[in-house]
Amino acid sequence: KQNIMAKVKIAERYIGDGEKVFVIAEIGINHNGSLENALRLIDGAKYAGCDAVKFQKRTPELCVPKDQWLIERETPWGRMTYIDYRHRVEFSNDEYKIIDTYCKEKNIMWLASCWDELSVDFMEQFNPPFYKAGSASLTDINLLKKKKSTGRPLMISTGMSTLDEIKKAVDIIGTDNLMIAHSTSTYPCKLEELNIKVITTLKEMYPEVPIGYSGHETGLAPTWAAVSLGATFVERHITLDRAMWGTDQAASVEVVGFQRLVENIRDIEVSLGDGVKKLYESELAPRKKLRRVS
């Protein structure tokens with residue numbers, strides 16, 4: 001069997017086989033529209049040892065179906081229509097410029113999952129290291145093509161998708177400069193629906209593509225298991241407090257937990273080794289002492 005190395009170049013480094021696991025802290029909309037929260041979350045991700053932080057960028061008029069615009073809901077800012085709420089949690093151009101400068105100062109990569117084509121045009125000014133397409137966008141072929149057309153690497157998530165939908169998307173956009181994340185889109189997700197062995201399935205289907213894991217479970221162990229199964233990148237939602245208002249908070253990891261997540265990923269990487277059985281120098285003395293028959 002030909003040994004194909006699945007690797008994609010991201011800025012000055014690589015994601016893929018033989019590389020350190022690339023850890024993404026998904027801030028998403030856990031900032032609740034507050035720039036101060038966003039900067040604190042960037043600090044937390046940097047402290048935890050993450051490689052990148054990710055936001056979500058939407059043009060609300062394009063992303064919210066018209067029949068939902070005027071539905072009212074309770075929010076931390078009082079009762080408001082859904083379209084007003086979606087605007088409330090979007091950052092402006094000026095705010096994203098502050099985020100961009102801040103991440104450069106902190107030496108951490110940042111990017112955004114763009115939910116529509118206008119958002120891709122918006123993000124281009126910041127020269128993101130790659131684009132992410134969330135699970136909801138896997139069948140939005142025009143949006144995937146738009147992201148691919150920038151020439152930047154593309155990471156796709158595969159939650160709420162059938163294998164056929166994944167194949168169709170990959171057939172159309174191609175496997176070059178592509179990364180695929182296994183995911184289940186339930187927040188938070190039950191252990192029995194994580195199905196982490198799909199990572200192995202995807203690695204067999206696409207040996208030339210770096211395969212990773214985007215997790216929405218409440219614990220940390222499944223993400224460590226994903227790394228053990230060969231996930232080359234992992235993504236988890238980060239939060240300042242899981243009790244904060246917002247739909248993603250409960251499936252997120254607080255900063256101290258995120259630090260543990262990253263520390264143990266680094267331990268797992270080192271301990272996995274290369275699969276070639278060796279007799280280590282450190283074993284020679286115990287071997288001499290303990291082996292009765294050689």
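Residues numbered from 1 in each chain as written. Predicted model: local features only at pLDDT ≥ 70, side-chain atom pairs only at ≥ 80, totals over all residues. Heavy atoms only, no water.

Enquirer: Would you mind showing me how to read the pattern of salt bridges here?
Expert: Pairing is possible between side chains that carry opposite charge, provided their charged atoms lie close to one another. A complete count under the given rule lists 18 salt bridges for this structure. Note that E235 is salt-bridged to K54, the shortest N-O span being 3.9 Å. On the criterion of sequence distance, the pair formed by E235 in strand 12 (residues 233-239) and K54 in strand 4 (residues 52-57) is long-range, its members being 181 residues apart. Close ionic contact of K190 with E193 constitutes a salt bridge, the shortest N to O distance being 3.8 Å. Its relative accessible area of 47% is what places K190 among the partly exposed residues. Each of R13, D51, R266 and E269 takes part in one network of salt bridges that share partners. (Salt bridge = Lys/Arg side-chain N within 4 Å of Asp/Glu carboxyl O. Helix = DSSP H or I, 4+ residues; strand = E, 2+ residues; numbered from the N terminus. Buried < 20%, exposed > 50% of the residue type's maximum accessible area, 1.4 Å probe, protein only.)

Enquirer: Can you walk me through the state of the cysteines in this structure?
Expert: As used here, a disulfide is simply a covalent bond connecting the sulfur atoms of two cysteines. As enumerated under the stated definition, the model contains zero disulfides in all. Of the cysteine sulfurs around C63, a residue in no disulfide, the closest is that of C114, at 9.6 Å. By relative accessible area, C63 is classed as partly exposed at 23%. (Disulfide = S-S within 2.5 Å.)

Enquirer: How should I be thinking about the pairing of strand 4 in this particular structure?
Expert: Regular strands have side chains that alternate between both faces of the sheet. Along strand 4, six of the six residues are buried, which leaves the element largely enclosed by surrounding structure. Neither face of strand 4 is open: one carries A52, K54 and Q56, the other V53, F55 and K57, and all of them are buried. One ladder, built from four bridges, connects strand 3 (residues 22-28) with strand 4; its direction is parallel. Counted as the bridge partner of A25 is V53 from strand 4. Pairing analysis gives six bridges linking strand 4 to strand 7 (residues 109-114), with the strands arranged parallel. Bridge assignment links K54 to a residue of strand 7, and that residue is L111. (Pairing = 2+ DSSP bridges.)

Enquirer: Whenever I open this one, the nonpolar core confuses me. Can you help?
Expert: Inside soluble globular proteins, nonpolar side chains tend to come together where they are buried. Ranked by internal contacts, the top residues of the largest apolar core, which has 65 residues, are I42, V53, F55, I99, I156 and F258. In terms of residue count, the dominant contributor to this core is helix 1 (residues 35-48) (seven residues). When near neighbours in sequence (up to four residues on either side) are disregarded, I99 contacts L35, A38, L39, I42, F55, F91 and W110. Core analysis: the next-biggest nonpolar cluster, separate from the first, contains 13 residues, V8, I10, F22 and L111 among them. (Core = buried A, V, L, I, M, F, W, Y, C linked by side-chain atoms within 4.5 Å. Contact = heavy atoms within 4.5 Å.)

Enquirer: I keep staring at helix 4 (residues 93-106) and nothing clicks. Help me out?
Expert: The periodicity of an α-helix, 3.6 residues per turn, causes residues three or four positions apart to be oriented the same way. The terminal C-alpha atoms of helix 4 lie 20 Å apart, and with 14 residues this matches the ideal 20 Å at 1.5 Å per residue to within 8%. When we look at burial in helix 4, the residues that qualify are Y96, I99, D100, Y102 and C103. Down the axis of helix 4, the buried set is contained in an arc of 170°. They therefore lie on one face. Exposed residues on helix 4 whose side chains face more than 90 degrees from its buried face are D94, K104 and E105. On the buried face of helix 4, the contacting elements are helix 1, strand 4, strand 7 and helix 5 (117-124). At the exit of helix 4 stands N107, carrying a positive phi of roughly 55°. (Expected span 1.5 Å × (residues − 1). Arc of directions from axis to C-beta.)

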